[in-house]
Amino acid sequence: MAYRNTNNFPSQVVPDVEKISYDYGLKVALAIEGEWFDRNEDGNIRGNGRFYSNKNNFHNLRLYARGEQSVQKYKNELSINGDLSYLNLDWKPVPVIPKFVDIVVNGMTERNYDIKVFSQDPYGVAKRTEYMESVLRDMKMKEFDAVAKAQLNMDLAENDPETLPETEQELELHMQLTYKQATELAEEQAISVLLQGNNYELTRKRLYYDLAVLGIASVKTTFSTSEGVKVEYVDPDRMVHSYTESPYFDDVYYIGEVKTVPINELVKEFPHLSNEDLEEIQQYNNSRTYEYNKGRRDQDINQVEVLYFNWKTYMNEVYKLKETGSGGEKAIEKDDQFDPPTDMQGGFAKLSRQVEVLYEGATIIGSDKLLKWEMAENMMRSKSDMTKVKMNYSIVAPRMYQGRIESIVSRITGFADMIQLTHLKLQQVMARMVPDGVYLDADGLAEIDLGNGTNYNPQEALNMFFQTGSVIGRSFTADGDPNPGKVPIQEISNGKGAGGKMQTLIANYNYYMQMIRDVTGLNEARDGSTPDRNALVGVQKLAAANSNTATRHILQAGLFLTADIAEQLSLRISDVLEYSPTRDAFLQQIGVHNVATLEEMSELHLYDFGIFIELAPDEEERQLLENNIQMALAQKIIKLSDAIDIRNTKNVKLANELLKIKEKKKVKEDQAMQQQNIQAQQQAQQQTAQAQAQAETQKQQALTQSQIQLEQAKAEFRAKTLQQEAQIKKDLMEAEFQYNMKLRALEAEGKGMVEDKKQNQAASKKFESAGNDELGTGLNMNQF
């Protein structure tokens, strides 16, 4: 079939039935070839197209990054009319650029990161909101819940009071650091397992290497029922894509890559190919070979170059809206050519919407044969917008302008060339340097007489000079004239001019090396090659931090690729769980790592997740955070357990916010502790005063009791004394009575005897005691 060279893409404003046709796919494939591959009138590839320009450019950059660039340009600089026979030099390039590439790549691949997932579908958002409202209720009702639990033994709190945030700011940090739904944990686990299963860490290193060397990196995800979800590295020098000025390639409508496929693999992938088709493909492969394939040692007739591409377009989803006999409406799917009246005449109308779709194609480069053209299966669509579709490829070129890509290596190749030329010039100067010699004046030796009969010939003079450093000479000749050769041996310095040249070349070498550092921002502090012993550690770290800033765009580009791949895997997981026959095998694979997530995993296709990358802090950020932690610990404004929690927080911004909250919380706790101490001191003082007052009262009570007991003793003594006195008086009165009775008896007997005497006496004497019958008057024996 005659080939018509054109780069005009077919119109996308055509019916869907035309888009899915073979002819439409062939037009797309030929248009891509016309834009990227240069064909002659016979359809042969001449190797002058955009594809080969990119390939040669990337190839040269990779050679520079390996220190293996071509030395022909240096030979052209040093040769005279193409003659290099007189130059015996080591042409091997000085590997300067590989060092800087390794510094960038190794430093970034060592940065740890975590893939964080949050549910952004209505159900997940409602669940998060409900939890947050329950925590707010518990925060506001904390005191009431505590009283209810203490007095009524009723636990009204919905969350643990011990871990309950105290402020809204602390609640916000709690939601970001601690709160995780089971489905989010399951999604994170599933993405991590898929990345590990595809050895993404190795792919990630290749991506950072491409970003540093080429300025562009690409990776893609695929899904098949036999292999499941795959993450594959894409070589940028074999890519094709539509024109874009976006560094994230988010507005391209076709992306493809060229792969070298053996014939046997081609038959497996496209079993519909016949033997005649395969022979025709081999003929195309042999007769219309790429320019860059000519002369290749590994060129094989059993390998063909296949272009795989994705074509993004749109399709019309059309439904016939029919009114049923019961008054309802029924939607019936139709093609986009369905065109009924719009006013429900006849009881039906048309509903339609435009949805983005992907077509997958494959073609043999240099031929007009289309191997594959079909609508892609398991297209990745976000549940937030089902009308949009994501490409299988993720591409980023952080320093792209008008389609031109810049990298760190491309900035410094000119300086690397000058360093190589300086190195070759140094070899030239060293090769032409001769050792220092001596000048010997033979006429001066002829005028010298040693006086011992020996001849002072040139050989003897040289032996004496080299062995002792001494020289014998004469100021005057034998005739008495001044001797012009009075110093017969003189040193000749042959390296004076060469030494100056070498110093100039070394300074030139160091200048271009410093230019590389200035252009890239990779200073000595970044690699630690020449640390200044007089510079403070903080100054060195600040210089290293500035160097990290100069290459931060590469780090951000790599994180973008990782986040985009994680998002694609999230959408692929939904497809696997909802549509794929490998669902059970996938669940078992995840369950090996975390059995607890199986139940949530089976429902992941119902959710819509947002993906973001949490990057671990670098050495400088960790050191600044650690300084803050140490200062806080020294001032005792945080506890050791708080410091552990802060160190475990990878996000430096959140860690600093957590440090602020812990500081405020510790201040409140210290104030509360001080109040408790003051109250305890006051209570202790009150208890001491009460104890003193109680002791004084007890003392007074004891004194009073003692006085009472004393008075009681005195009263008892007085009572006993009175009792004894009464007894004694009683005894006295009884004795007195007895005496009186005896006296009366005696009186009665002697009445007669004394009657005469009584008459003679005026009265008789009484023996009754006076006052002895009264108590308390004491005993007075004087009256007796």
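Provided above is the structure to which this section pertains.
Residues numbered from 1 in each chain as written. Predicted model: local features only at pLDDT ≥ 70, side-chain atom pairs only at ≥ 80, totals over all residues. Heavy atoms only, no water.

(A) Inspection of empty space enclosed by the protein at higher detail. Inspection of the entire model under this criterion finds three cavities of 30 Å³ or more. If you go around the largest cavity, the residues you meet are Leu-211, Gly-215, Pro-398, Arg-399, Glu-406, Ser-407, Ile-408, Arg-411, His-553 and Ile-554. Contributions of two or more residues to the lining of the largest cavity are made by α13 (408-432) and α19 (552-578). The class makeup of the residues in the lining of the largest cavity is four nonpolar, three polar and three charged. Its volume calculated, the second largest cavity comes out at about 40 Å³. Taken together, Tyr-64, Gly-67, Gln-69, Val-94, Pro-95, Val-96, Ile-97, Pro-98, Ala-416 and Ile-419 form the lining of the second largest cavity. Listing elements by their share of the lining of the second largest cavity, those giving two or more residues are α5 (97-109) and α13. (1 Å grid on protein atoms, 1.4 Å probe; cavity = no way out; pocket = protein on both sides within 12 Å on 5 of 7 lines; lining within 4 Å. Points joined across faces, edges and corners; volume = space filled by probe spheres on them. Helix = DSSP H or I, 4+ residues; strand = E, 2+ residues; numbered from the N terminus. Nonpolar A, V, L, I, M, F, W, Y, C, P; charged D, E, K, R; others polar.)

(B) Region of the structure containing the packing of α5 against α13. Running from N to C, α5 and α13 cross one another at 155°; their axes reach a closest spacing of 10 Å. Between α5 and α13, the crossing angle belongs to the class labelled roughly antiparallel. Two packed elements cross with a definite hand, and for α5 against α13 that hand is right-handed. Together, Ile-97, Val-101 and Val-104 of α5 and Ile-408, Val-409, Ile-412, Thr-413 and Ala-416 of α13 make up the contact between the two elements. Here the contact of α5 with α13 is built from residues that sort into seven nonpolar, one polar and no charged. (Axes fitted to C-alpha atoms, helices over the stretch in contact; angles between N-to-C directions. Parallel < 35°, antiparallel > 145°, perpendicular 65-115°, else oblique. Left-handed = near helix turned anticlockwise from the far one by under 90°. Contact = heavy atoms within 4.5 Å.)

(C) Focus on the environment of Pro-15. Within the element layout of this structure, Pro-15 appears in the segment before α1 (16-19). You can call Pro-15 partly exposed: its relative accessible area is 28%. Separated by 301 residues in the primary sequence, Pro-15 and Asn-316 place their C-alpha atoms 8.4 Å from one another. (Buried < 20%, exposed > 50% of the residue type's maximum accessible area, 1.4 Å probe, protein only.)

(D) Seen up close, helix α10 (residues 200-213). When the terminal C-alpha atoms of α10 are compared, their 20 Å separation across 14 residues agrees well with the 20 Å that a helix rising 1.5 Å per residue should span. Along α10, the residues that are buried comprise Tyr-200, Thr-203, Arg-204, Leu-207, Tyr-208, Asp-210, Leu-211, Ala-212 and Val-213. Just beyond α10, the residue with positive phi is Gly-215, at close to 85°. (Expected span 1.5 Å × (residues − 1).)

(E) The packing of aromatic side chains, seen in detail. Across all of its chains, the model carries 17 aromatic pairs by this definition. Relative to Tyr-179, the ring of Tyr-131 has its centre 4.5 Å away and its plane inclined at 20°; by these criteria the two rings are stacked. Taken together, the positions of Tyr-131 in helix α6 (residues 122-140) and Tyr-179 in the loop between α8 (168-177) and α9 (182-197) put the pair 48 residues apart, joining distant regions of the chain. Residue Tyr-131 is classed as partly exposed on the basis of its relative accessible area, which comes to 22%. Both rings, one in Tyr-511 and one in Tyr-512, keep their centres 5.0 Å apart while their planes meet at 70°; by these two values the pair is edge-to-face. On the accessibility criterion, Tyr-511 (46% relative accessible area) is partly exposed. Residue classification places Tyr-512 among the buried residues on the basis of a relative accessible area of 15%. (Phe/Tyr/Trp six-rings, centres within 6.5 Å; stacked < 30°, edge-to-face > 60°.)

(F) Examining the pairing of strand β17 (residues 609-615) more closely. With six of seven residues buried, β17 lies mostly within the body of the structure. Bridging between strand β1 (residues 113-119) and β17 involves seven bridges; their strand directions are antiparallel. Within the sheet, the bridge partner assigned to Lys-116 lies in β17 and is Phe-612. (Pairing = 2+ DSSP bridges.)

(G) Representation of α6 within the structure. For α6, built from 19 residues, the straight-helix expectation of 27 Å at 1.5 Å per residue is met to within 8% by its first-to-last C-alpha distance of 27 Å. Taken together, the buried positions of α6 are occupied by Gly-124, Ser-134, Val-135, Asp-138 and Met-139. Viewed along the axis of α6, the buried residues span an arc of 145°, placing them on a single side of the element. Across α6 from its buried face, at more than 90 degrees, point the exposed residues Pro-122, Tyr-123, Glu-130 and Lys-140. (Arc of directions from axis to C-beta.)

(H) Main features of the pattern of salt bridges. A complete count under the given rule lists 22 salt bridges for this structure. Among the ionic pairs, Lys-180 bridges to Glu-188, the shortest N-O distance being 2.6 Å. On the accessibility criterion, Glu-188 (14% relative accessible area) is buried. One salt-bridge network, in which partners are shared between bridges, spans Lys-55, Arg-62, Asp-210, Asp-235 and Asp-237. (Salt bridge = Lys/Arg side-chain N within 4 Å of Asp/Glu carboxyl O.)

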